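# Structure at a glance
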Amino acid sequence: MTADATYLILHGWQNHRPKDHWQHWLADRLTALGHHVTYPQLPDADDPDLDVWLGELARHLGALRGAGERVVVAHSASALLWLHAVTRAVPGAGDVDRVLLVAPPSASVLVRHPEVAAFAAPPLDFALPTPTRLVAGDDDPYCPEGARTLFGDPLGIPTETLPGAAHLDLDAGYGPWPAVLDWCLDPDAKITARPAARSGGLA
């Protein structure tokens, strides 16, 4: 991995980028290693608008062009945002080099929350244009059907299911997560659970 790699880190619903969250930790570590990192606060995180977030995504993707390897790491509602971006051919969504989708929530949960009901995944009858990995907990309360069943298998993407990782958020102890940093630096790295628990929404 060269030092000119560029990372776009996308948060989920109700996430105001708390400094203890693994995404904040990841942004800090990648920046310290000399990489270009964009970790934007998306508008109205508590009551997001899908079209507004898609516009913001297109804007940030545009800034990644011509920068070396381009990597997207999307958690929770933003993992679904990415699927919508692909189906709607949002500019730049087909131009990144790899994507990590973390803990996408299921439609059965989102329909109970009007603020994010529109984020429910589109029909998964398409092929992702970019090498993509999926990681989720085996007990995610926001995806009780299981991420592999709902997303990994229909999309035909490698999926890693982490025991006891819940929604991979602060409530589940994520927190520093060395394995996701390893994957950012090496696409062949296995994504494993964080080393120790600590101590929400769909953040």
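Residues numbered from 1 in each chain as written. Predicted model: local features only at pLDDT ≥ 70, side-chain atom pairs only at ≥ 80, totals over all residues. Heavy atoms only, no water.

A word on the overall build of the protein. In terms of helices and strands, the protein carries six helices and six strands. Taken from the N to the C terminus, the helices and strands of the protein come in the order β-α-β-α-β-α-β-α-β-α-β-α. For the protein, the C-alpha radius of gyration of 15 Å lies close to 17 Å, the compact-globule estimate for 203 residues. Taking the principal axes of the C-alpha coordinates as reference, the protein spans close to 40 × 40 × 30 Å. Buried positions account for 54% of the 203 residues belonging to the protein. Distance between charge centres in the protein, computed from 14 positive and 25 negative side chains, equals 4 Å. (Helix = DSSP H or I, 4+ residues; strand = E, 2+ residues; numbered from the N terminus. Rg over C-alpha atoms; globule rule 2.2 N^0.38 Å. Buried < 20%, exposed > 50% of the residue type's maximum accessible area, 1.4 Å probe, protein only. Lys, Arg positive; Asp, Glu negative; His and termini not counted. Charge placed at Lys NZ, Arg CZ, Asp CG, Glu CD.)

As a further point, take a negative patch on the surface. A surface patch of like charges, here negative, comprises Asp44, Asp46, Asp47, Asp49 and Glu115. Tracing the backbone through its elements, the reader meets Asp47 in the loop between β2 (36-38) and α2 (50-64). (Patch = residues over 30% accessible without salt bridge, like charges linked within 9 Å, V, L, I, M, F, W, Y side chains within 5 Å. Areas by Shrake-Rupley, 256 points an atom, 1.4 Å probe, with all protein chains shown as cover. Salt bridge = Lys/Arg side-chain N within 4 Å of Asp/Glu carboxyl O.)

Quick look at the pairing of strand β6 (residues 159-162) now. Looking at chain direction, strand β5 (residues 132-137) and β6 are connected through four bridges and run parallel. Bridge pairing links Ala136 to Thr161 in β6. As for the winding sense of the linkage, the β-α-β connection from β5 through helix α5 (residues 147-155) to β6 is right-handed. (Pairing = 2+ DSSP bridges. Right-handed = clockwise from strand over helix to strand, strands pointing away.)

Summed over the entire model, instances satisfying the criterion amount to three aromatic pairs. Seen from their ring centres, Trp53 and Phe119 are 5.4 Å apart, and the 80° between their planes marks the pair as edge-to-face. Here Trp53, found in helix α2, pairs with Phe119, found in the loop between α4 (107-110) and β5; they are 66 residues apart in sequence, far enough to count as distant. Owing to a relative accessible area of 0%, Phe119 belongs among the buried residues under this scheme. (Phe/Tyr/Trp six-rings, centres within 6.5 Å; stacked < 30°, edge-to-face > 60°.)

As a further point, take α5. Along α5, the residues classified as buried are Ala147, Phe151, Gly152 and Leu155. The buried residues of α5 all sit within an arc of 85° when viewed along its axis, so they share a single face. For α5, exposure combined with an orientation more than 90 degrees from the buried face picks out Thr149 and Asp153. The secondary structure elements touched by the buried residues of α5 are α3 (77-87), β5 and β6. Phi turns positive, to about 65°, at Gly156, one or two residues after α5. (Arc of directions from axis to C-beta. Contact = heavy atoms within 4.5 Å.)

Ordered by their spatial adjacency, six strands build an open sheet running β2-β1-β3-β4-β5-β6, and the pairing between neighbours is parallel. Each of the sheet's edge strands pairs with one partner strand only, and the pair in question is β2 and β6. Across the sheet, the mean angle separating the axes of adjacent strands is 15° when strand polarity is ignored. Across the face of the sheet, α2 comes into contact with β1 (6-10), β2 and β3 (70-75) while running at roughly 165° to β1. Against the sheet, α3 engages β1, β3 and β4 (98-102), with an angle of about 125° to β3. (Axes fitted to C-alpha atoms, helices over the stretch in contact; angles between N-to-C directions.)

Turning to the pattern of salt bridges, a few remarks are in order. Within the structure shown, the criterion is met by six salt bridges. Of the charged contacts in the structure, one is a salt bridge between Arg88 and Asp51, with a shortest N-O distance of 2.7 Å. Taken as a pair, Arg88 in the loop between α3 and β4 and Asp51 in helix α2 lie far apart in primary sequence, 37 residues in all. Where Asp97 meets Arg70, a salt bridge forms, and the shortest distance between an N and an O atom there is 3.4 Å. Residue Asp97 is located in the loop between α3 and β4, and its partner Arg70 is located in strand β3; the two are separated by 27 residues in the primary sequence.

Our focus in this paragraph is α2. Spanning 15 residues, α2 covers 21 Å between terminal C-alpha atoms, matching the ideal 21 Å at 1.5 Å per step. Looking at the buried residues of α2, the elements they touch are β1, β2, β3 and α3. With a side-chain oxygen positioned 2.9 Å from the backbone nitrogen of Asp51, the residue opening α2 is Asp49. (Expected span 1.5 Å × (residues − 1). Polar contact = N/O pair within 3.5 Å; in protein donor to acceptor, adjacent residues only side chain to side chain.)

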